[in-house]
Amino acid sequence: MRSQGINKNFTEAKVDALAVVVFKDEKGTAGVLKDLNRLSGGMIASVIKDEGFKGGKGETALIRFKKTAKISASRILLVGAGDKKEYSVADVSVVAGTAARSLRDKSLSKFALDPRCGSAAAEVAAAAAEGAITSQFEIDKYKTKGKNDKEIKTFVLFIDGAKPADLRNGLSRGTAIGESMNFTRELANEPPNILTPTEIAKRAQKMAKEVGLKCQILTEAQMKKLGMNSLLSVSLGSEQPAKMIVLRYTPKKNTGKKGELLSFVGKGVMFDTGGISIKPSANMDAMKYDMSGGASVLGAMRAIGLLKPTIPVLGVVGCVENMPDGKASRPSDVVTAMNGKTIEILNTDAEGRLVLADAVAYAEKQGATKIVDLATLTGAVVVALGSHNTGIMGNDQALVDEIIETGKEVGEGFWQLPIGEEYSKEIKSDIADVKNMGSKGRAGTIAGGVFIQEFIDKAKWGHLDIAGTAWADGAKPNQSKGPTAVGVRTLVRMAEKG
Ligand code: BES
Ligand code: MN
Ligand code: ZN
């Protein structure tokens, strides 16, 4: 998709369709709607009045009319945006995506959008480009017939009176983020026979080369030397060797505090059968997405490589496959993690935390002072929060607040769950330092969080349980169903804020 910014003459744009935001309860008789209404011979007011278009979020109406000398497009797309008072930059991503997706499905390839958002032009442009680009993603990569091959080729963004440089910079920033989100989604959608730990490591290396990040892949032998027996225990039953992906971004000029290092750590369980504590076969296929946290870290690092923020960032992804086998871990096994703590493995299906234990400890050993981990860690978070909010926990309230606030800015919801001594007690083991689960059916998401906390030493740490938010079971007006790339926008913005 090519994108272009314009700051005047929206209605004269040479495109197939003009897309315009309509707020709840607008009549189509003022501002840009009034102009479009006139040019279309009263069609806007009519669709609102006679066809019941209400301007609700996700609502669209495509209006077709005769071209005139004053208008070059022959269609107008009304895109509902809900309450005007609540409309923000984050919503621009949704309306741009909704417009791009619905026009693409009508086989149109060129459109212009008036997002009608008064926020800073560069921010609006970034959100619009990101939304338009992510809206085109489909999960049909492996179809040989009937693939969706329609696409929006040209996206024209109109912001009245905006500086051309703001438009340009915003669009290119949004493109970097949107394409990186699609990179994440492509990884999360890959079947596990194709995307093995070795293969994701290769793709990370290739990506790193393209965007100028340093990339190191730790082998099992290297991890063994470092004492990562917790992570390695998950992979014992698999024919696929575990890999640890380590990505480093170093800015030309570092404006951060001396000695500070922001780090993103992802769970990369390429497939989770549960191991010897095997999962029921119904819906087990969904567990190919158990590497979504890792995929989001890779996507965020990709965008960071392109956007070049002014603080250093470390990305770590622990990649394993959790399989049952004669060599697999048993419930009751005890392993020693990299930080020296001993773990009683009571359930081999609570494997994500075993991977993260060594991955966060490794990040801290590499100098990380602020760690954000992302993991499809617990079914319990799906029960608690469903698919609209990611569960967040952490050992530093300022960091948790920063993540929640940043999420609001980009349109990602995080909801905090408590952690503390009383919960940490519940994962004490009778025979080792900790056990990898609390009591069944009791605060399972928190048990996962406090387990990971045991492997953090001094770093500020935030834990994002994305089990409910990393995969969408249905399509939305602006997104296909499937992988969501949750977290990417928030992580990138955190890095940009420094
Ligand atoms: N990958 C799963 C988490 C998961 C489960 C995500 C269902 C989405 C839907 C994780 O490895 C897991 O199996 N967690 C267990 C932990 C339990 C055994 C303590 C769970 O949540 O049931
Ligand atoms: Mn599991
Ligand atoms: Zn898992």
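Rules used throughout
- Residues numbered from 1 in each chain as written.
- Chains lettered and ligands numbered in written order.
- Predicted model: local features only at pLDDT ≥ 70, side-chain atom pairs only at ≥ 80, totals over all residues.
- Heavy atoms only, no water.
- Salt bridge = Lys/Arg side-chain N within 4 Å of Asp/Glu carboxyl O.
- Helix = DSSP H or I, 4+ residues; strand = E, 2+ residues; numbered from the N terminus.
- Buried < 20%, exposed > 50% of the residue type's maximum accessible area, 1.4 Å probe, protein only.
- Pairing = 2+ DSSP bridges.
- Axes fitted to C-alpha atoms, helices over the stretch in contact; angles between N-to-C directions.
- Contact = heavy atoms within 4.5 Å.
- Near = heavy atom within 4 Å.
- Polar contact = N/O pair within 3.5 Å; in protein donor to acceptor, adjacent residues only side chain to side chain.
- Areas by Shrake-Rupley, 256 points an atom, 1.4 Å probe, with all protein chains shown as cover.
- 1 Å grid on protein atoms, 1.4 Å probe; cavity = no way out; pocket = protein on both sides within 12 Å on 5 of 7 lines; lining within 4 Å.
- Sits in = over half its atoms within 2 Å of the grid points.
- Nonpolar A, V, L, I, M, F, W, Y, C, P; charged D, E, K, R; others polar.

## Overview of the pattern of salt bridges
Applying the stated rule across the entire model yields 27 salt bridges. Residues Arg489 and Glu130 are paired through a salt bridge, measuring 3.6 Å at the closest nitrogen-oxygen approach. Of this pair, Arg489 sits in helix H15 (residues 488-497) while Glu130 is found in helix H4 (residues 121-134), placing the two residues 359 residues apart along the sequence. Accessibility assignment for this pair places Arg489 and Glu130 in one class, buried. The partner of Lys408 in a salt bridge is Glu405, and the shortest N-O contact between them spans 3.4 Å. Linking Lys408 with Glu405, this pair stays in helix H12 (residues 397-410), spanning three residues, or about one helical turn. Given a relative accessible area of 40%, Glu405 falls into the partly exposed group.

## Concerning the sheet that holds strand S1 (residues 2-6)
Taken in spatial order, the six strands of this open sheet run S1-S6-S5-S2-S4-S3, and their pairing is mixed. Two strands lie at the open edges of the sheet, namely S1 and strand S3 (60-64), each paired on one side alone. Across the sheet, the mean angle from the axis of one strand to that of its neighbour is 20°, orientation sign disregarded. Where S3 and strand S4 (residues 75-80) come together, five bridges link them in antiparallel fashion. Paired with Arg64 across the two strands is Arg75, which belongs to S4. This element, helix H2 (residues 43-50), spans strand S2 (17-22), S3 and S4 of the sheet and lies at about 135° to S3.

## Quick notes on the site of ligand 1
For ligand 1, the set of nearby residues contains 17 residues, the closest of which are Lys279, Asp290, Asp349, Glu351 and Gly379. Contact between ligand 1 and Glu351: an oxygen atom at 2.8 Å from a side-chain N or O atom of the residue. If ligand 1 stood free it would expose 510 Å²; the protein chains cover 77% of that surface. More than half of the atoms belonging to ligand 1 lie within 2 Å of the grid points that define the largest pocket. Tallied by class, residues from the shell around ligand 1 come to six nonpolar, four polar and seven charged.

## Quick word on the sheet that holds strand S8 (residues 243-249)
Strand order in the open sheet formed by eight strands is S7-S8-S10-S9-S13-S17-S14-S15, and the pairing between neighbours is mixed. The open sheet has two edge strands, strand S7 (214-218) and strand S15 (414-416), and neither has a second partner. For this sheet, the mean angle separating the axes of adjacent strands, direction not counted, is 20°. The strands touched by helix H10 (residues 352-365) are S7, S8, strand S9 (262-272), strand S10 (313-322) and strand S13 (370-375); relative to S9, the strand with the most contacts, the crossing angle is about 155°. Here helix H14 (residues 444-453) sits on the sheet in contact with S13, strand S14 (390-394) and strand S17 (460-465), set at roughly 150° to S17.

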